[in-house]
Amino acid sequence: MHGRDVLENITGQAITAYRAPSFSITERSLWAIDLLIEHGFRYDSSIFPIYHDRYGVPGARRFPYRVLRGTAALTEFPPSVHRWLGLNVPVSGGGFFRLYPVRLSCHWLGLINRRVRQPFMFYIHPWEIDPEQPRLPGTASCRFRHYLNLASTESKLAYLLRRFSFGALTESLVDAVVEPEKAPAGKASCAPMRVRGGAEA
């Protein structure tokens, strides 16, 4: 946890949320959640409920839930997906945001807010708005994933920011109804709430 200590010393604030690089907490590494709880993290956004060749836990819950370990707990805020034709389609940002038409992304994100009254999680990397970055050698698959549509990402992001209001992950969960880990997969609460982050404007 050296990295967290460095950030806390720089910012003067406690670091309570975590996201594994490349969403690398999978079915084979769920023990990492126990370590996060043990070290005092209160939030995580690493378990992507999709099929993917590098990451993902396809059967995981789609909306925020609590992971309980004795008297300690952690809130998992999964990267957002849209349920379509019986599949979880990733719609939470990154390469998926660069791949889809921006109006489709906004439509699916809006459905998460309106239909199931849940906040959505969205992320973007700084390099994804830099179309002039150096092109490095790699496999065709890696080049496609990394460099696809870089020239249009900034304008897409501007469009998204006009459509929705955003906050930190922790702010987004303030008024959300967060169910326990053992709740049936795919069940979402529709109780009224104010969605502070990732909410349609």
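Residues numbered from 1 in each chain as written. Predicted model: local features only at pLDDT ≥ 70, side-chain atom pairs only at ≥ 80, totals over all residues. Heavy atoms only, no water.

Asker: Where do I start with the pairing of strand S3 (residues 65–69) in this structure?
Answerer: The two faces of the sheet receive side chains in turn, since in a regular strand these alternate between them. Pairing of S3 with strand S4 (residues 72–76), which is carried by 5 bridges, proceeds in the antiparallel orientation. Directly across from Val67, in S4, lies its bridge partner Leu74. Between S3 and S4, which follow one another and run antiparallel, lie 2 residues, and Gly70 among them has a positive phi close to 65°. Across 2 bridges, the pairing between S3 and strand S8 (residues 179–180) is parallel. The residue bridging Arg66 from the neighbouring strand is Pro180, located in S8. (Pairing = 2+ DSSP bridges. Helix = DSSP H or I, 4+ residues; strand = E, 2+ residues; numbered from the N terminus.)

Asker: Sorry if this is basic, but what is going on with the packing of helix H4 (residues 102–115) against helix H6 (residues 150–163) here?
Answerer: Between two packed helices, both the angle of their axes relative to each other and the distance between the axes serve to describe the pair. Relative orientation of the contacting elements H4 and H6 amounts to 30°, with a least axis distance of 10 Å. When the axes of H4 and H6 are compared, the pair comes out roughly parallel. Taken as a pair, H4 and H6 cross one another with a handedness that is right-handed. Of H6, the residues touching H4 (which contributes Val102, Arg103, Cys106 and Leu109) are Lys156, Tyr159, Leu160 and Arg163. Across the contact of H4 with H6, the residue classes tally to 5 nonpolar, no polar and 3 charged. (Axes fitted to C-alpha atoms, helices over the stretch in contact; angles between N-to-C directions. Parallel < 35°, antiparallel > 145°, perpendicular 65-115°, else oblique. Left-handed = near helix turned anticlockwise from the far one by under 90°. Contact = heavy atoms within 4.5 Å. Nonpolar A, V, L, I, M, F, W, Y, C, P; charged D, E, K, R; others polar.)

Asker: Looking at this structure, how should I read the pattern of salt bridges?
Answerer: Proximity of charged atoms lets side chains of opposite charge pair with each other. Scanning all chains against the criterion turns up 3 salt bridges. Here Asp34 makes a salt bridge to Arg69, at a shortest N to O gap of 2.5 Å. With a gap of 35 residues between them, Asp34 in helix H2 (residues 31–38) and Arg69 in strand S3 connect regions that are remote in the sequence. Asp34 gets classed as partly exposed once you look at its relative accessible area, which sits at 34%. Linking Asp53 and Arg145 is a salt bridge whose minimum nitrogen-to-oxygen distance equals 2.8 Å. Of this pair, Asp53 sits in the loop between strand S2 (43–44) and S3 while Arg145 sits in helix H5 (residues 140–147), and the two are 92 residues apart along the sequence. (Salt bridge = Lys/Arg side-chain N within 4 Å of Asp/Glu carboxyl O. Buried < 20%, exposed > 50% of the residue type's maximum accessible area, 1.4 Å probe, protein only.)

Asker: Would you mind going over the nonpolar core with me for this structure?
Answerer: Nonpolar side chains tend toward joint burial in soluble globular proteins. Membership of the largest hydrophobic core comes to 29 residues, with the highest contact counts inside it found for Phe48, Phe96, Leu109, Ile112, Phe122 and Leu160. Elements supplying a minimum of two residues to this core: helix H3 (94–99), H4 and H6. Among the elements that take part in this core, H4 stands out by supplying 6 residues, more than any other. With sequence-adjacent residues up to four places away left out, Phe96 is seen in contact with Phe48, Ile50, His52, Tyr55, Pro90 and Tyr123. Ranked by size, the runner-up nonpolar core spans 13 residues in total, among them Ala20, Ile33, Ala60 and Tyr65. (Core = buried A, V, L, I, M, F, W, Y, C linked by side-chain atoms within 4.5 Å.)

Asker: Is there a simple way to explain the sheet that holds S8 in this structure?
Answerer: By definition, the strands of a sheet pair up through backbone hydrogen bonds, in either a parallel or an antiparallel sense. Sheet architecture is open: 5 strands sit in the order S1-S2-S4-S3-S8, paired in mixed fashion. With one partner strand each, in any of the chains shown, strand S1 (17–18) and S8 form the two edges of the open sheet. Taken strand by strand, H2 contacts S1, S2, S3 and S4, and its axis lies near 120° from that of S4.

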